[in-house]
Amino acid sequence: MSEVTTGTFTPKPGSAPITRQVIAQALMEAKLMLRNGEQLLLAVVIPVMVLIGGVTAGNAIDLDLGTDQPLVDLLTPGVLALAIMSTSFTSLAIATGFERRYGVIKRLGASPLPRIGLLAGKVLALGCVQLVQLFVIGAVGQLLGWTPAAGFGTVLAFFLAIAMGTLAFASLGLFVAGVLRAEATLAAANLVYLLLLAGGAVVLPLTAYGAFGDVARWLPSGALGEAVRTAFLDGVPAWRDLGVLLIWALLGSTLTARTFKWE
């Protein structure tokens, strides 16, 4: 009769790899953002309304934009840039501000997920939401007659624009959320969003702003709008505008690292 041997189970407690933690955090952040009515309004509904309203009004009124490109081909990339801005800056700033107020950030900062991993998860979650925005706004644009440039160059140029735009606006959004109270963050984020929507050259090209266009091109909104428009109109990266976004990303990251308060 053979002997029955029993093994010994030795537990190995410890945290999951950092990459898995960041991905899990990003998925949770994305789900929370898409379930929130206010965030969904900023992320999808308002940009779609701007696109439909802009194309409809433009067909009824002769707009002098200084270009012979079809209006829908100008507005659709601009609205995509607006969606990136609203998610990366306004939604992120407001959500993070109130998480600070209720102590969520403080408690998550004490979890096995490093604090830098928490912030990375928030930024990564923006990409998930932006995929939804791209699908919805792109579909509406196609229905309105949008004909973007085709090819690998367009995809690469748009990817660079959305990556640099997300980094720039996310770093600025975290900076605002990390230094202001939740109520002040709510007011400031919405005010900046409205100001950039109206005069930041994000939806309309720089040529629509006359002499002010020379100033707007150095704003993160103007640089993002031009980078996305160049991607879909010409199929090439707008290196100057990407460089402007890089500068804003470095500035925002530096300010966030030095001033962000976890409680």
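One can find the structure itself at the top, above this paragraph.
Residues numbered from 1 in each chain as written. Predicted model: local features only at pLDDT ≥ 70, side-chain atom pairs only at ≥ 80, totals over all residues. Heavy atoms only, no water.

Novice: Help me out: how do you make sense of the overall build of the protein chain in this one?
Specialist: Each helix and strand in the protein chain was counted, giving ten helices and zero strands. Ordering the α and β elements of the protein chain from the N terminus gives α-α-α-α-α-α-α-α-α-α. The burial tally for the protein chain puts 46% of its 263 residues in the buried class. Summed over all atoms, the accessible surface of the protein chain reaches about 13,500 Å², with 68% contributed by carbon and sulfur. (Helix = DSSP H or I, 4+ residues; strand = E, 2+ residues; numbered from the N terminus. Buried < 20%, exposed > 50% of the residue type's maximum accessible area, 1.4 Å probe, protein only. Areas by Shrake-Rupley, 256 points an atom, 1.4 Å probe, with all protein chains shown as cover.)

Novice: Could you clarify how one ought to interpret helix H1 (residues 18-35) in this entry?
Specialist: An α-helical turn contains 3.6 residues, so any two residues separated by three or four positions project in the same direction. The first and last C-alpha atoms of H1 sit 26 Å apart over 18 residues, in line with the 26 Å expected at 1.5 Å per residue. Of the positions making up H1, those classed as buried are Gln21, Val22, Gln25, Ala26, Glu29, Ala30 and Met33. Each buried residue of H1 sits inside an arc of 165° when the element is viewed along its axis, so together they form one side. Summarising the geometry of H1, the exposed residues directed more than 90 degrees from the buried face are Arg20, Lys31 and Arg35. (Expected span 1.5 Å × (residues − 1). Arc of directions from axis to C-beta.)

Novice: Where do I start with the packing of helix H5 (residues 115-143) against helix H6 (residues 152-179) in this structure?
Specialist: The angle between the axes and the distance between the axes are what describe a pair of packed helices. The contact between H5 and H6 brings their axes to 11 Å, and the two run at 130°. Between H5 and H6, the angle falls in the class oblique. As H5 packs across H6, the resulting crossing turns out to be right-handed. Contacts from Leu119, Val123, Leu126, Gln130 and Leu134 in H5 reach Phe158, Ile162, Thr166, Leu167, Ala170 and Leu174 in H6. Considered class by class, the residues forming the contact of H5 with H6 number nine nonpolar, two polar and no charged. (Axes fitted to C-alpha atoms, helices over the stretch in contact; angles between N-to-C directions. Parallel < 35°, antiparallel > 145°, perpendicular 65-115°, else oblique. Left-handed = near helix turned anticlockwise from the far one by under 90°. Contact = heavy atoms within 4.5 Å. Nonpolar A, V, L, I, M, F, W, Y, C, P; charged D, E, K, R; others polar.)

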